[in-house]
Each structure stands twice: as structure tokens, then as C-alpha cells.
Amino acid sequence: MGNSLKRVAVLASGNGSNFEAIIQAVEEGRINCSVELVFSDKPDAYVLERAKNHKIPFTSFMIKDFSSKLEYEQELLKILKENQIDILILAGYMRLIGNELLDAFPQRIINIHPSLLPSFPGLHGIEDAFNYGVKYTGVTVHYVDSGIDTGKIINQAVVDIAPDDDLESLEAKIHQTEHIIYPDTLAKLINKGE
Ligand code: GRF
């Protein structure tokens, strides 16, 4: 990717605690990139409030306002291109990425998933692992491809499920781990110019 400062967009649908951890790492100089834009497919997502607080430009529109997913992604791609975005970071973006974006950002879309992939992909990774009764679960940072949480794995961290954990305490442990591993992994990737 060369050595110029990478221009990043974050895509998120909800709370944005991972965005917060990433932007803190950027502000502290731990990730050498410039976060140019936050996009949400949910106009009332709290992540947009966080973007505002950090003075990061943000925009939002909903897929239902378009006649197809293709048109929705074309509009998003137009904005990403206008902002000369190099890398897309997904942080709780609750949609499958379509070919329009995949083709425009080959090996340049990164996601975090709250389980040890390939176990427990999909929307309920934490709960599914908890209900299954596994003793170890965790967090995976991976490249995004057209499947559901199937892209090449970049990094993982293990979280143990203790006998006295309930779903709530496990969720807290998972999120704590995410907030460490995601910025660290992005720093390693982006700082060495990959
Ligand atoms: C995280 O658990 C992440 O792994 C998953 O969605 C959740 C987003 O949380 N993809 P937040 O919006 O970053 O707080």
C-alpha cells in the first residue's frame, strides 16, 4: 500500500465502543492513520455521537431508502472515493459487505468478530458460544470476504468462560478484549504499511 498516511473509514451500526477504542489509539499516535469518516446504516446509532465528540466527519443513510443493496453500496462507495479512503474498518457494522465494496477494497476491509472463528459466526457469536458450553471463546480480527465471518484471519485472542460467568459477564470480558486486540492489530497492519 505504500508509505503515505492511510485514510480510513469506519463503518458501524451501533454503540461504537470499538470505534472509540480505535480512535483513542489513533489520537495517541499508536495507529498511524487518519480516520476520515464514520458511516452508519442506522442514523440514530450512538457511534455517530462518538464521531461528533472526536470531530470526525460522519454520515448515515439506510438501505431501505434505496431500491437495492447495490444502489446503497454504490452511494456509499461514491462517498468513500470522494474521501479517498484506503481502508475500511468494520466496527459492529451489522450487514454483509456486497461485491461493490469488496471489489473496490480488495484485502482492505477488516472486521472484528466476538468469537474464535470459524466457530460461532453470525450475529450472536457471544451468546452462541455461551449456550454451547465451550470453556474458551474469544475475539477474531479478520479480512472481510463475501461470506459471513469467513475471511482470512489476522489475529485472535482467547477469553475463558469461567464457571461463574453469565452471558452478561462474558459479554463484558469479550468487549474488554476487543478494545485491546482491535487497535493493536490495526496498528501492526497499518503501521507497517500492509
Ligand atoms: C462487537 O462485539 C463486535 O465484535 C461485533 O459487534 C460488536 C460491536 O460493538 N462485530 P460496538 O458497537 O463496537 O460497541
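The structure presented is a predicted model; accordingly, all values stated were derived computationally and were not measured. (Residues numbered from 1 in each chain as written. Predicted model: local features only at pLDDT ≥ 70, side-chain atom pairs only at ≥ 80, totals over all residues. Heavy atoms only, no water.)

Peer 1: Sorry if this is basic, but what is going on with the nonpolar core here?
Peer 2: Considering soluble globular proteins, one finds that nonpolar side chains tend to be buried as a cluster. One finds Phe19, Ile31 and Val35 to be the most contacted residues of the largest nonpolar core, which totals 37 residues. If one sorts the elements of this core by residue count, helix H6 (residues 167–191) sits on top with eight residues. For Phe19, the contacting residues outside a window of four places in its chain are Val10, Val35, Val38, Val47, Arg50, Ala51, Ile56 and Ala91. Leu11, Tyr72, Ile79 and Val144 belong to the second largest nonpolar core, which has 20 residues in total. (Core = buried A, V, L, I, M, F, W, Y, C linked by side-chain atoms within 4.5 Å. Buried < 20%, exposed > 50% of the residue type's maximum accessible area, 1.4 Å probe, protein only. Helix = DSSP H or I, 4+ residues; strand = E, 2+ residues; numbered from the N terminus. Contact = heavy atoms within 4.5 Å.)

Peer 1: What is the right way to read the layout of surface pockets from this model?
Peer 2: Gaps left between atoms are located by rolling a probe of water-molecule size over the structure's atoms. Taken as a whole, the largest pocket spans an internal volume of roughly 790 Å³. Lining the largest pocket are 36 residues; nearest its centre among them are Gly92, Met94, Ile112, Pro114 and Leu123. At the level of elements, helix H1 (17–27), strand S5 (109–113), helix H5 (125–132), strand S6 (136–143) and H6 are the ones that each hand at least two residues to the lining of the largest pocket. (1 Å grid on protein atoms, 1.4 Å probe; cavity = no way out; pocket = protein on both sides within 12 Å on 5 of 7 lines; lining within 4 Å. Points joined across faces, edges and corners; volume = space filled by probe spheres on them.)

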